[in-house]
Amino acid sequence: MLRIYTYLFWIVFSCASILGYNYWKSRNKHLFFKTGSTRSLLWVFFILVLSPVAVNYWFPDMTVDLKADTIIHLDEVQQRNLLRDGEIGEYYKNIASVIWHNMNWVGFVSALLIMVTWFIYIHRMDVFHKEKLRYQIGTLLLGMICSLLVAVITDGIDLYYPITYTGHFWYDLFVFSFLDIGVIEEFVKLIPFFIILKFTKEIDEPYDYILYACLSALGFAFIENLIYFKNITGTIIQGRAMLSVVGHMLESSFAVYGLVISRYQHSSSKIVYFGVSFLIASFLHGLYDYLLFEHMLLLVIGIFIFEIQAWTIMVNNTINNSQFFHFKTAHRDEKLRFFLAVMLSGILVLNYFVDAFQYGKQGANTNYLQSCLYSGLLIIFYVTHLSNYDLVKGYWRPIEFRISPPDYDHVPVNRGLASLLSVFKYNFIQPVNIVNYIVTIQPPHYNQLVYGYMSLNKGKIVDRICLLSVSDNGKESIDPDWFVVKLRDDLNLEDCLDDQHVHSFLLIKLETKSDSLIHDEDIRVFMRLIPDMQMVRSKQPIRKDAFPPIGYGLVNSVFVPGYTVKAS
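Here goes a summary of the coordinates provided. These figures come from a predicted structure and were not determined experimentally.

### As for the overall build of the protein
Part 1 of the reasoning: Summing up its helical and strand segments, the protein has 15 helices and seven strands in all.
Part 2 of the reasoning: Here the C-alpha radius of gyration of the protein, 27 Å, is about what a compact globule of 568 residues would show, namely 24 Å.
Part 3 of the reasoning: Across its three principal directions, the C-alpha atoms of the protein cover 90 × 60 × 50 Å.
Part 4 of the reasoning: Looking at the protein as a whole, 51% of its 568 residues are labelled buried.
Part 5 of the reasoning: Partitioning the contacts of the protein with sequence separation of at least 6, the portion at a separation of at least 24 is 75%.
Part 6 of the reasoning: Of the roughly 27,400 Å² that the protein leaves accessible, carbon and sulfur atoms contribute 63%.

What follows is the structure, given as structure tokens:
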């Protein structure tokens, strides 16, 4: 017990120190626990810290066997004979009876809670044009029904070409894991998606492709969880909730993303794009399973984090390219982040309580400590990343896989590790959703170009645009972080500049994306003039150097949609 309390003490102390410093620094302390991830992360820590207290002081000193009285298994030879003889009804009856017999109430409740948690999450991510609930529930049910097709396909293949895990790398990865697991399961999970796509008109915006693919994957994973939960041992509940089920949603999303790209970005061959994305999804699925078979958990987590980042970018792209797009949805992610924090923490604690009933307090405490090391960190990662959508109308952010060269300023031992970890840096989303904020803006004294000519001004951020940047070697890139400010007082700088410009509008970009217009003061921004408003309205990004730079400005918020802020 001393070990667990010491561990929890240092977690609380470290987090309290960081939160206390940020709270002290904030200029809107009354909003500190209402914005960002702070409130959600606090709830995660409260739940995870208080749970051991409840278990160790209030739980009875007794153990309960939560397993089914007897576990029965399918007779594989009999099943293949039924399949060979065409007795499909009897074949599926055997499968259903085994699942039903082995199911226990703890496993069912756990599987249901996991499914409901992720269902609500992906449903709420549909921020612009909500889908009818009956179609979403129908897709879930279809996913459950179609999951049983995996057995008939794999058994059918085994009748003519038995595939087993051999211990040989290439065969196990590409034949057993990729072809026999990844391709088959991804194919089965997409059947409900294509039924909805073909026979309804519900898929009418980019995010709907992701939504229905995830719903089908959730239904599939629910049945899979019922099978796995026949024995509730160790960390199986949280492992399935935070890795396996999420993995099913990710790979189904990757599989249909080619259809999104072909319809909304490139207007090219759907078959080619879908074929490529389906094979990528199937390979990632197979790779995930192979690494688990080989007990390479750290590598699984590393690849999984990259997949989460890629999925977040895909979701962000579908949101930004919806025909129903608007900026008013920016503040909704706070509630979604809080929901995810509470539910995922609750699932981890449920696993802890189940362990306490089965193995007693001591065994449960040991498992819980190990759980907090990876599941707790995964919850924090999900809370801070999965609800980060950066609103830029019409912008397609690429998914990058690149590694920075070693930094020789680092300690030699850390250079290689830092270089490898840089792959996560390029796909991190830092939202800057400040459209509709009202701000004050003025140049600092060190901006000699316009200081003295440009007084303190107030304006409303009315739009966000992409500009085209060209590097010294001629490489072009999209810069999506420029905001259009409509000024209260006209800006007339012809006295100090030769450039003609629109007097009532200005372009700004935060120097540091992590700066908060709610909590920070005198935020430095780059400022550029707008020669013609048609340039801002252009659908294609215009070169950045077409907008004359006028140095730095200092910005403070005076109005934030949905909140009352303190004036600087």
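So that's the structure; there's more coming.
### A few points about the side chain of Ser469
Part 1 of the reasoning: Take Ser469: it is sitting in strand E2 (residues 457-470).
Part 2 of the reasoning: For Ser469, a relative accessible area of 13% gives the class buried.
Part 3 of the reasoning: Looking at Ser469, its side chain comes within polar contact range of the side chain of Lys544, at 3.0 Å.

### Observations concerning the side chain of Asn28
Part 1 of the reasoning: Structurally, the position occupied by Asn28 is in the loop between helix H1 (2-25) and helix H2 (38-58).
Part 2 of the reasoning: Among the polar contacts made by the side chain of Asn28, one reaches the main-chain carbonyl oxygen of Ile518 at a distance of 2.5 Å.

### Examining the environment of Pro531
Part 1 of the reasoning: With respect to the element layout, Pro531 can be found in the loop between strand E5 (523-528) and helix H15 (533-537).
Part 2 of the reasoning: According to the relative accessible area criterion, Pro531 is partly exposed, its value standing at 31%.
Part 3 of the reasoning: Leaving out residues up to four positions away in the same chain, Pro531 has contacts with Gln500, His501, Val502, Ala546, Phe547 and Pro548.

### So, the pattern of salt bridges
Part 1 of the reasoning: Throughout the structure, instances matching the rule amount to 13 salt bridges.
Part 2 of the reasoning: Of the charged contacts in the structure, one is a salt bridge between Arg488 and Asp489, with a shortest N-O distance of 3.4 Å.
Part 3 of the reasoning: Using a relative accessible area of 53% as the deciding quantity, one classes Arg488 as exposed.
Part 4 of the reasoning: Taking the relative accessible area as the measure of exposure, Asp489 reaches 35% and is therefore partly exposed.
Part 5 of the reasoning: Linked by salt bridges that have partners in common, Asp390, Arg464, Asp481 and Lys513 make up one network.

### Examining the packing of helix H8 (residues 169-199) against helix H9 (residues 206-228)
Part 1 of the reasoning: It is the contact of H8 with H9, at a shortest axis distance of 9 Å, that shows an interaxial angle of 130 degrees. The orientation of H8 with respect to H9, classified from their angle, is oblique. The interaxial crossing formed by H8 with H9 has right-handed handedness. For the pair formed by H8 and H9, the contact residues are Glu185, Val188, Lys189, Pro192, Phe193, Ile196 and Leu197 on the first element and Tyr209, Tyr212, Ala213, Ser216, Ala217, Phe220 and Glu224 on the second.
Part 2 of the reasoning: Taken together, the residues of the contact of H8 with H9 sort by class into ten nonpolar, one polar and three charged.

### Looking at helix H10 (residues 236-265)
Part 1 of the reasoning: In this model, H10 (30 residues) spans 40 Å end to end at C-alpha, consistent with the 44 Å of a helix rising 1.5 Å per residue.
Part 2 of the reasoning: Its maximal kink placed at Val256, H10 deviates by approximately 35 degrees.
Part 3 of the reasoning: Counting buried residues in H10 gives 27 out of 30 residues, a clear majority hidden from the surface.

### Notes on a positive patch on the surface
Part 1 of the reasoning: Together, Arg39, Arg124, Lys130 and Lys335 give the surface a local cluster of positive charge.
Part 2 of the reasoning: Mapped onto the elements, Arg124 comes out in helix H5 (residues 105-124).

### Some thoughts on the nonpolar core
Part 1 of the reasoning: By size, the foremost hydrophobic cluster in this structure holds 131 residues, and its most contacted members are Trp118, Trp311, Tyr382, Ile461, Leu506 and Ile508.
Part 2 of the reasoning: Here this core gets 18 residues from one element, more than from any other, and that element is helix H13 (residues 333-385).
Part 3 of the reasoning: Excluding residues within four positions of it along the chain, Ile461 makes contact with Ile434, Val435, Asn436, Tyr437, Val439, Phe483, Val484, Val485, Ile508 and Leu517.
Part 4 of the reasoning: Among the nonpolar cores identified, the runner-up in size contains twelve residues, and Ile465, Phe505, Leu507 and Ile530 belong to it.

### A short note on the packing of aromatic side chains
Part 1 of the reasoning: Across all of its chains, the model carries 28 aromatic pairs by this definition.
Part 2 of the reasoning: When the ring of Phe108 is compared with that of Phe222, the centres are 6.1 Å apart and the planes differ by 80 degrees; the resulting orientation is edge-to-face. Of this pair, Phe108 sits in helix H5 while Phe222 sits in helix H9; the two residues are 114 residues apart in sequence, bridging distant segments of the chain.
Part 3 of the reasoning: The class of Phe108 is partly exposed, set by a relative accessible area of 34%.

### Quick look at the state of the cysteines
Part 1 of the reasoning: Enumeration over the complete set of coordinates arrives at zero disulfides.
Part 2 of the reasoning: Sulfur of Cys146: no disulfide; nearest cysteine sulfur belongs to Cys214 and is 16 Å away.
Part 3 of the reasoning: Overall, Cys146 belongs to the buried group, its relative accessible area being 8%.

### Describing a nonpolar patch on the surface
Part 1 of the reasoning: Where nonpolar side chains cluster on the molecular surface, the patch consists of Phe46, Leu50, Val53, Tyr57 and Trp58 and spans about 630 Å² of accessible area.
Part 2 of the reasoning: Within the secondary structure layout, Tyr57 lies in helix H2.
Part 3 of the reasoning: For Tyr57, a relative accessible area of 59% gives the class exposed.

Conventions and cut-offs
- Residues numbered from 1 in each chain as written.
- Predicted model: local features only at pLDDT ≥ 70, side-chain atom pairs only at ≥ 80, totals over all residues.
- Heavy atoms only, no water.
- Helix = DSSP H or I, 4+ residues; strand = E, 2+ residues; numbered from the N terminus.
- Rg over C-alpha atoms; globule rule 2.2 N^0.38 Å.
- Buried < 20%, exposed > 50% of the residue type's maximum accessible area, 1.4 Å probe, protein only.
- Contact = heavy atoms within 4.5 Å.
- Areas by Shrake-Rupley, 256 points an atom, 1.4 Å probe, with all protein chains shown as cover.
- Polar contact = N/O pair within 3.5 Å; in protein donor to acceptor, adjacent residues only side chain to side chain.
- Salt bridge = Lys/Arg side-chain N within 4 Å of Asp/Glu carboxyl O.
- Axes fitted to C-alpha atoms, helices over the stretch in contact; angles between N-to-C directions.
- Parallel < 35°, antiparallel > 145°, perpendicular 65-115°, else oblique.
- Left-handed = near helix turned anticlockwise from the far one by under 90°.
- Nonpolar A, V, L, I, M, F, W, Y, C, P; charged D, E, K, R; others polar.
- Expected span 1.5 Å × (residues − 1).
- Bend = angle between axes of the 7 residues up to and from the residue.
- Patch = residues over 30% accessible without salt bridge, like charges linked within 9 Å, V, L, I, M, F, W, Y side chains within 5 Å.
- Lys, Arg positive; Asp, Glu negative; His and termini not counted.
- Charge placed at Lys NZ, Arg CZ, Asp CG, Glu CD.
- Core = buried A, V, L, I, M, F, W, Y, C linked by side-chain atoms within 4.5 Å.
- Phe/Tyr/Trp six-rings, centres within 6.5 Å; stacked < 30°, edge-to-face > 60°.
- Disulfide = S-S within 2.5 Å.

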